[in-house]
Amino acid sequence: HTGADVCIESIQPSGTLEEITAHNEGKESRLHYWIKCFTVDALLKRDGVTIQEESRIDLKERIPTETELQGGSNPRPDIYHEPTGEVYEIETLYGTDHKKITRTIDRYEGVNVKRVNVVLPNLTCLRNLSDILRKTQEKPGEMFHNEVQFWTLDTVERELLPLEDVVSRLADMQERSEKLW
């Protein structure tokens, strides 16, 4: 197996997960959809919910996908996590640049959400790391009106990995590599 094959196998959805996650046909790539499914799965896992033990309808209500929110410009988040009032937006940045992230976050101005979470594919996150780090903030209101958090994928543990952990792991790897020389 190549690295790409292993990555695909680790995020490709199946079964109930595909049934409860809306696919915005023609407007999102396969990778975007797969990461959306991965994120729904990670949120259910974080909530202690087992897909097999819940009805499909209850799962869709708990974590609606592609459902319009009220307020502001009535945005339609990729994922709305009902228990926390947080939205999750998947940003692959294919065919665009990091400014797309800012436009996506700005759509939630005037919308009652606790936090806007931006989930990026791992390589996209690394490739745009300096631009993404500039978008992070100490307090809500400095760059964006809402609290914002960036995530990427931990495909081994099948959970979301906060940007802070990515930066910490990279710094640790750099430190260890410097000791080799």
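Our subject is the structure listed above.
A quick note: this is a predicted structure, and the numbers were derived from the prediction, not measured.

> An account of the overall build of the chain is requested, with residue identities and associated values reported.
When you go through the chain residue by residue, the secondary structure sums to 8 helices and 5 strands. Scaling as 2.2 N^0.38, a compact globule of 181 residues should have a C-alpha radius of gyration of about 16 Å, and the chain matches this with 17 Å. Principal-axis analysis of the C-alpha atoms places the extent of the chain at approximately 55 × 45 × 30 Å. The burial tally for the chain puts 44% of its 181 residues in the buried class. The long-range share in the chain, meaning contacts at least 24 apart out of those at least 6 apart in sequence, stands at 59%. Summed over its atoms, the accessible surface of the chain is roughly 10,300 Å², and 48% of this surface lies on carbon and sulfur atoms. Across the chain, the centroid of the 23 positively charged side chains sits 4 Å from that of the 34 negatively charged ones.

> Tell me what's going on with unusual backbone geometry, and back it up with residues and numbers.
For residues other than glycine, phi is negative in most cases, and the peptide bonds are mostly trans. Of note, E66 is a non-glycine position whose phi angle comes to about 55°, a positive value. Mapping E66 onto the fold places it in the loop between helix 4 (56–62) and strand 1 (79–81). According to the relative accessible area criterion, E66 is buried, its value standing at 12%. Phi at L93 is positive, roughly 60°, even though this residue is not glycine. Note that L93 resides in the loop between strand 2 (86–90) and helix 5 (99–106).

> I'd like to hear about the environment of N74, residue by residue, with values.
Among the secondary structure elements, N74 is positioned in the loop between helix 4 and strand 1. For N74, a relative accessible area of 31% puts it in the partly exposed group. Distance from N74 to D58, taken between C-alpha atoms, is 24 Å for residues 16 residues apart in sequence. When neighbours within four sequence positions are excluded, N74 is seen to be in contact with E68 and L69.

> Please give an account of the packing of aromatic side chains that cites residues and values.
Applying the stated criterion across every chain yields a total of 0 aromatic pairs. Across from the ring centre of W151, 5.2 Å away, lies the NZ or CZ of R46, which sits over that ring.

Quick notes on the rules
Residues numbered from 1 in each chain as written. Predicted model: local features only at pLDDT ≥ 70, side-chain atom pairs only at ≥ 80, totals over all residues. Heavy atoms only, no water. Helix = DSSP H or I, 4+ residues; strand = E, 2+ residues; numbered from the N terminus. Rg over C-alpha atoms; globule rule 2.2 N^0.38 Å. Buried < 20%, exposed > 50% of the residue type's maximum accessible area, 1.4 Å probe, protein only. Contact = heavy atoms within 4.5 Å. Areas by Shrake-Rupley, 256 points an atom, 1.4 Å probe, with all protein chains shown as cover. Lys, Arg positive; Asp, Glu negative; His and termini not counted. Charge placed at Lys NZ, Arg CZ, Asp CG, Glu CD. Phe/Tyr/Trp six-rings, centres within 6.5 Å; stacked < 30°, edge-to-face > 60°. Lys NZ or Arg CZ within 6 Å of the ring centre and 35° of its normal.

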